Amino acid sequence: MTVSTGIWILIVVIGVLVGLTGGFFGARHYMQNYLKQNPPISEEMLRSMMMQMGQRPSEKKLHQMLNSMKAASKNDKK
């Protein structure tokens, strides 16, 4: 049995669409779980960490540390 070219193209297009849709939702689900398990550090979290270490954080010091952490993470991604 031979299948015409038009049917093969239709099967390939449907397969690509199903793959893209499944990949999108799979990646979305993975990122939601990852961010739930590893939340990004916030200003409040950093403030409480510094207070636990016995430091009295000023706003200037908090912003300096947040900026340095952001810069370090950008350098790691490159």
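The model shown is predicted, which means the values in this text are computed figures rather than measured ones.

**Description of the overall build of the protein chain**
Next up, step 1: A tally of helices and strands in the protein chain yields three helices and zero strands.
Next up, step 2: If you list the helices and strands of the protein chain from N to C, you get α-α-α.
Next up, step 3: In terms of overall size, the protein chain is more extended than a compact globule, its C-alpha atoms giving a radius of gyration of 24 Å where 78 residues would be expected to give roughly 12 Å.
Next up, step 4: Every one of the 78 residues in the protein chain was classed for burial, and the buried ones make up 8%.
Next up, step 5: Working note: accessible area of the protein chain is about 7000 Å², and carbon and sulfur atoms make up 65% of it.

**What to know about the packing of aromatic side chains**
Next up, step 1: What the rule picks out here adds up to two aromatic pairs.
Next up, step 2: Consider the rings of Phe24 and Phe25, whose centres lie 5.0 Å apart with planes at 75°: the pair is edge-to-face.
Next up, step 3: Taken together, a centroid distance of 6.4 Å and an interplanar angle of 20° make the contact between Tyr30 and Tyr34 stacked. Here the residue Tyr30 and the residue Tyr34 both occupy positions in helix H1 (residues 5-37), the gap between them amounting to four residues, near one helical turn.

**Here we look at a nonpolar patch on the surface**
Next up, step 1: Taken together, Ile9, Val12, Val13, Val16, Leu17 and Leu20 make up a surface patch of nonpolar side chains, about 560 Å² in accessible area.
Next up, step 2: Mapped onto the elements, Ile9 comes out in helix H1.

**Thoughts on the UniProt feature "transmembrane region" (unreviewed entry) in the protein chain**
Next up, step 1: The UniProt record marks residues 6-27 with the feature "transmembrane region" (unreviewed entry), using the residue numbering of this structure.
Next up, step 2: A distance of 31 Å separates the end C-alpha atoms of residues 6-27, which is 100% helix and 0% strand.

**Concerning the domain arrangement of the protein chain**
Next up, step 1: Assigned domains of the protein chain: these are domain 1 (7-37) and domain 2 (39-77).
Next up, step 2: Here domain 1 and domain 2 have C-alpha centroids that lie 36 Å from each other.

Criteria and cut-off values
- Residues numbered from 1 in each chain as written.
- Predicted model: local features only at pLDDT ≥ 70, side-chain atom pairs only at ≥ 80, totals over all residues.
- Heavy atoms only, no water.
- Helix = DSSP H or I, 4+ residues; strand = E, 2+ residues; numbered from the N terminus.
- Rg over C-alpha atoms; globule rule 2.2 N^0.38 Å.
- Buried < 20%, exposed > 50% of the residue type's maximum accessible area, 1.4 Å probe, protein only.
- Areas by Shrake-Rupley, 256 points an atom, 1.4 Å probe, with all protein chains shown as cover.
- Phe/Tyr/Trp six-rings, centres within 6.5 Å; stacked < 30°, edge-to-face > 60°.
- Patch = residues over 30% accessible without salt bridge, like charges linked within 9 Å, V, L, I, M, F, W, Y side chains within 5 Å.
- Salt bridge = Lys/Arg side-chain N within 4 Å of Asp/Glu carboxyl O.
- UniProt positions renumbered as here; feature names shortened; annotations may be inferred.
- Domains from an automatic or database assignment.

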